[in-house]
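Listed below, chain by chain, are the residues.
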Amino acid sequence: MDNLKFESLKAPEPVGLYPHARRVGNLLFLSGVGPRERGKKEIPGVELSESGEIVSYNIEEQCRSVFRNVWQILEDAGSSWDRIVDVTVFLTNMADDFPVYNKIYAEYFAENQPCRTTVEVNKLPTPIAIELKVIATIE
């Protein structure tokens, strides 16, 4: 059985010791993906104070950036958006952000509708408001 790890040259650099994705059999497991962009310190849709605290954020911009990063990792690993079978979404503010996130999610998953779980978390490892954990099939 395959147990290969994948690194994308387009997705943001991991913030710890983990690959962007790992293949096991015909499944591709993505590590948590946020909205950061490769090689940049600024986070799309996030305004930080000098001490690194979130001053304001745009959940729509973060969602689109996260989805773009997931897309890039899938493509680089040899899978694709339409092969996603399961998505776990972590939001830091369910009450305010879920409606916008849910609307954007419906745009991106109009054709492919994977299983989905959305949970609220107190904090994510970097100053972001959304992170996705994805499982897709791969040949």
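Computed from a prediction, not measured in an experiment: that's the story for all the values here. (Residues numbered from 1 in each chain as written. Predicted model: local features only at pLDDT ≥ 70, side-chain atom pairs only at ≥ 80, totals over all residues. Heavy atoms only, no water.)

J.: Tell me about the environment of N69, residues and numbers included.
T.: Mapped onto the fold, N69 is located in helix α1 (residues 59-77). Among the residues examined, N69 registers a relative accessible area of 4% and is labelled buried. Linking N69 and R38, residues 31 residues apart in sequence, is a C-alpha distance of 9.3 Å. Not counting chain neighbours up to four residues away, the residues in contact with N69 comprise A11, P12, V33, G34, P35 and R36. (Helix = DSSP H or I, 4+ residues; strand = E, 2+ residues; numbered from the N terminus. Buried < 20%, exposed > 50% of the residue type's maximum accessible area, 1.4 Å probe, protein only. Contact = heavy atoms within 4.5 Å.)

J.: A description of the pattern of salt bridges should follow, citing residues and the corresponding values.
T.: Counting across every chain of the model gives 7 salt bridges. Ionic pairing is found between E37 and R68, a salt bridge with its closest N-O pair at 3.9 Å. Here E37, found in the loop between β3 (27-30) and β4 (46-48), pairs with R68, found in helix α1; they are 31 residues apart in sequence, far enough to count as distant. Across the pair K103 and E107 runs a salt bridge, and its minimum N-O distance is 3.9 Å. Pair noted here: K103 and E107 are both in helix α2 (residues 94-108), with a separation of 4 residues, about one helical turn. (Salt bridge = Lys/Arg side-chain N within 4 Å of Asp/Glu carboxyl O.)

J.: Account for the packing of α1 against α2, naming residues and giving values.
T.: The geometry of α1 relative to α2 is characterised by a closest axis approach of 9 Å and an angle of 35° between their N-to-C directions. Between α1 and α2 the crossing geometry is right-handed. Note on element contacts: α2 touches α1 through D97, V100, Y101, I104, Y105, E107 and Y108, opposite I59, E60, C63, R64 and F67. Residues belonging to the contact of α1 with α2 are distributed by class as follows: 8 nonpolar, no polar and 4 charged. (Axes fitted to C-alpha atoms, helices over the stretch in contact; angles between N-to-C directions. Left-handed = near helix turned anticlockwise from the far one by under 90°. Nonpolar A, V, L, I, M, F, W, Y, C, P; charged D, E, K, R; others polar.)

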